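Secondary and tertiary structure notes
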Amino acid sequence: MYARPFIDSLDFARNGNLINGSVPIEELHRLVDALNDRQGSMQFAVRGSVNKQDGAVLRVSAQVDLHLLCQRCLEKMVLPVVIDTQLLLCSQAELDILEDEGDEVDCILADTNLDVIALLEEEILLTLPIAPRHEAGQCEVAKNDKLAAGKNPFAVLAGLKVVK
Ligand SMILES: [Zn+2]
């Protein structure tokens, strides 16, 4: 069984700690619902640091290939997702202030028992398109349209002509 890592986030950041590894996709409980299958794994790294304003920061990065269904042709597709975000650890009071100010800084609540995998999963969910689709030119629907357009309707008739 996969042992989910938990960290004391403020401590982790202030000590400049690093955690990295690989987690099976099936451990990403919220994400799997959006997926076509549970194959593969996610590579991740979380690094703690302190910024110039003495704020505790987690740099969160991950890389995963998500197996989805194209919402256009309903065939399988692979969506490579890469995240690399800096998250400032805040108290609840600080979070309230930042929300009021509409600040752009990404903040999360400092947690003494932070579920690292859940945090990564959250960040990946934020990047997911609502309706994932193949890239132009790789979609089966687009290919079929092109084939149909390329066909001369009279070519079919010619094939039916009876040779005497
Ligand atoms: Zn498609």
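Look a little higher up for the structure.
To start, this report covers the structure provided alongside it. The residue numbering used here restarts from 1 in each chain and proceeds along that chain's sequence as written. Owing to the predicted nature of the model, reporting of local features is limited to residues with pLDDT of at least 70; listing and counting of side-chain atom pairs is limited to 80 or more, with chain, interface and lining totals taken over all residues. Just so you know, side-chain values use all the structure's heavy atoms and leave hydrogens and water out.

Any carboxyl oxygen of Asp or Glu that lies within 4 Å of a side-chain nitrogen of Lys or Arg is treated as forming a salt bridge with it. As enumerated under the stated definition, the model contains 5 salt bridges in all. The residue D54 makes a salt bridge to R14 at a minimum N-O spacing of 3.6 Å. One end of the pair, D54, is in the loop between β3 (41-50) and β4 (56-69); the other, R14, is in helix α1 (residues 9-14), and 40 residues separate them in sequence. The closest approach of N and O atoms between D84 and R59, which form a salt bridge, is 2.7 Å. Of the two residues, D84 is situated in strand β5 (residues 76-90) and R59 in strand β4; the sequence distance between them amounts to 25 residues. Each residue is assigned to one of three classes by its accessible area relative to the maximum for its type, calculated with a 1.4 Å probe on protein chains only: buried under 20%, partly exposed between the two thresholds, exposed over 50%. Assessed through its relative accessible area of 48%, D84 is described here as partly exposed. Helical segments are the DSSP runs of H or I of at least four residues, strand segments are the runs of E of at least two, and each set is numbered from the N terminus.

Our focus in this paragraph is the pairing of β4. Paired strands, as defined in this entry, are two strands with at least two bridges between them according to DSSP. Pairing of β3 with β4 involves 8 bridges; the strand directions are antiparallel. The residue bridging V50 from the neighbouring strand is A56, located in β4. Where β3 folds back on β4, the antiparallel hairpin that results is connected by 5 residues, among which D54 adopts a positive phi of roughly 65 degrees. Alignment of β4 against β5, held across 13 bridges, turns out to be antiparallel. Bridged to H67 within β5 is V78. If you look at the hairpin formed by β4 and β5, you'll find 6 residues sitting between the two strands, and L74 has a positive phi there, around 60 degrees.

Once that is clear, we can look at helix α3 (residues 116-127). Look at α3: 17 Å from first C-alpha to last across 12 residues, which is about the 16 Å you get at 1.5 Å a residue. The set of residues buried in α3 consists of V116, I117, L119, L120, E121, E123 and I124. In protein, a polar contact requires one atom able to donate a hydrogen and another able to accept it; more generally it is a pair of N or O atoms within 3.5 Å, and residues adjacent in sequence count only if both atoms are side-chain atoms. Regarding α3, its N-cap is D115, as a side-chain oxygen of that residue lies 3.2 Å from the backbone nitrogen of I117 further along. How far a helix is expected to stretch is found by multiplying one less than its residue total by 1.5 Å.

So yeah, pure geometry; function would need other evidence.
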